[in-house]
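# Coordinate inspection notes
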Amino acid sequence: MIRRNDERIHERKKMFGGEGEAIFHRILNGPEEMYGKGRVFSHLVLEKGCEIGWHVHNGDGETYCILKGLGLYNDNGILREVGPGDVTVVGDGEGHALKCISDEPLEAIALILYT
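In this text, all values refer to a predicted model and were calculated from it rather than measured experimentally. (Residues numbered from 1 in each chain as written. Predicted model: local features only at pLDDT ≥ 70, side-chain atom pairs only at ≥ 80, totals over all residues. Heavy atoms only, no water.)

## A closer look at the sheet that holds strand 5 (residues 60–68)
Reading across from one edge, 1-2-3-10-5-8 is the order of the six strands in this open sheet, with antiparallel pairing throughout. Of all the strands in the sheet, just strand 1 (10–13) and strand 8 (87–90) have a single pairing partner and so form its edges. Sheet twist, expressed as the average angle between the axes of neighbouring strands with direction ignored, equals 25 degrees. (Pairing = 2+ DSSP bridges. Helix = DSSP H or I, 4+ residues; strand = E, 2+ residues; numbered from the N terminus. Axes fitted to C-alpha atoms, helices over the stretch in contact; angles between N-to-C directions.)

Structure (C-alpha cells):
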C-alpha cells in the first residue's frame, strides 16, 4: 500500500486542555492499521506556544521522537527541554505533557502502543 499525502487524515485538535491546537498528520489510521497493537502513529506539529496538556496513560504508553523545534516536556512532573533527535517515553500509568517553546514549530513522530 502507498498512501499519498493528500489521502492522509490531517486534523487539528485541542489536547487535554493545552494552549492552542495540535496538528496531527496520521501515518496509520488507528488500531485497525496497527494490527491492534496501538492507536496512534502520527506526524505531530505544535506551533509556537501550542501544547498537549498533562495527561496520564492507562493501558498504553506513548513515545515522541522530536524531529524539529524545541519543546518543554513534562516527564511525570519533571520539566525538561527536548529538541531534534530526542526521544521521550511515557509508560502505562505515567503522565506527560509537551509544549513548543521555539519560534519554529515543534515536529515529532507520536506513537501510542497498547501495553
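Back to the text.
## Some points on the side chain of Glu-62
Structurally, Glu-62 is set in strand 5. Although Glu-62 lies buried, it forms no salt bridge, and the closest oppositely charged side chain, Arg-39, sits 6.3 Å away as judged by the N-O distance. Within the structure, the side chain of Glu-62 is placed 3.0 Å from the side chain of His-96, a separation counted as a polar contact. Residues within four places of Glu-62 in sequence aside, it is in contact with His-55, His-57, Thr-88, Val-89, Val-90, His-96, Ala-110, Leu-111 and Ile-112. (Buried < 20%, exposed > 50% of the residue type's maximum accessible area, 1.4 Å probe, protein only. Lys, Arg positive; Asp, Glu negative; His and termini not counted. Salt bridge = Lys/Arg side-chain N within 4 Å of Asp/Glu carboxyl O. Polar contact = N/O pair within 3.5 Å; in protein donor to acceptor, adjacent residues only side chain to side chain. Contact = heavy atoms within 4.5 Å.)

## Quick look at the nonpolar core
Among the nonpolar cores identified, the biggest contains 19 residues, and Ala-22, Leu-44, Leu-46, Ile-52, Tyr-64, Leu-98 and Leu-106 are the most heavily contacted of them. The set of elements that each furnish at least two residues to this core consists of strand 2 (22–28), strand 3 (38–46), strand 5, strand 9 (95–100) and strand 10 (106–114). Looking at which element gives the most residues to this core, the answer is strand 10, with four residues. (Core = buried A, V, L, I, M, F, W, Y, C linked by side-chain atoms within 4.5 Å.)

Just distances and angles here, no functional claims.
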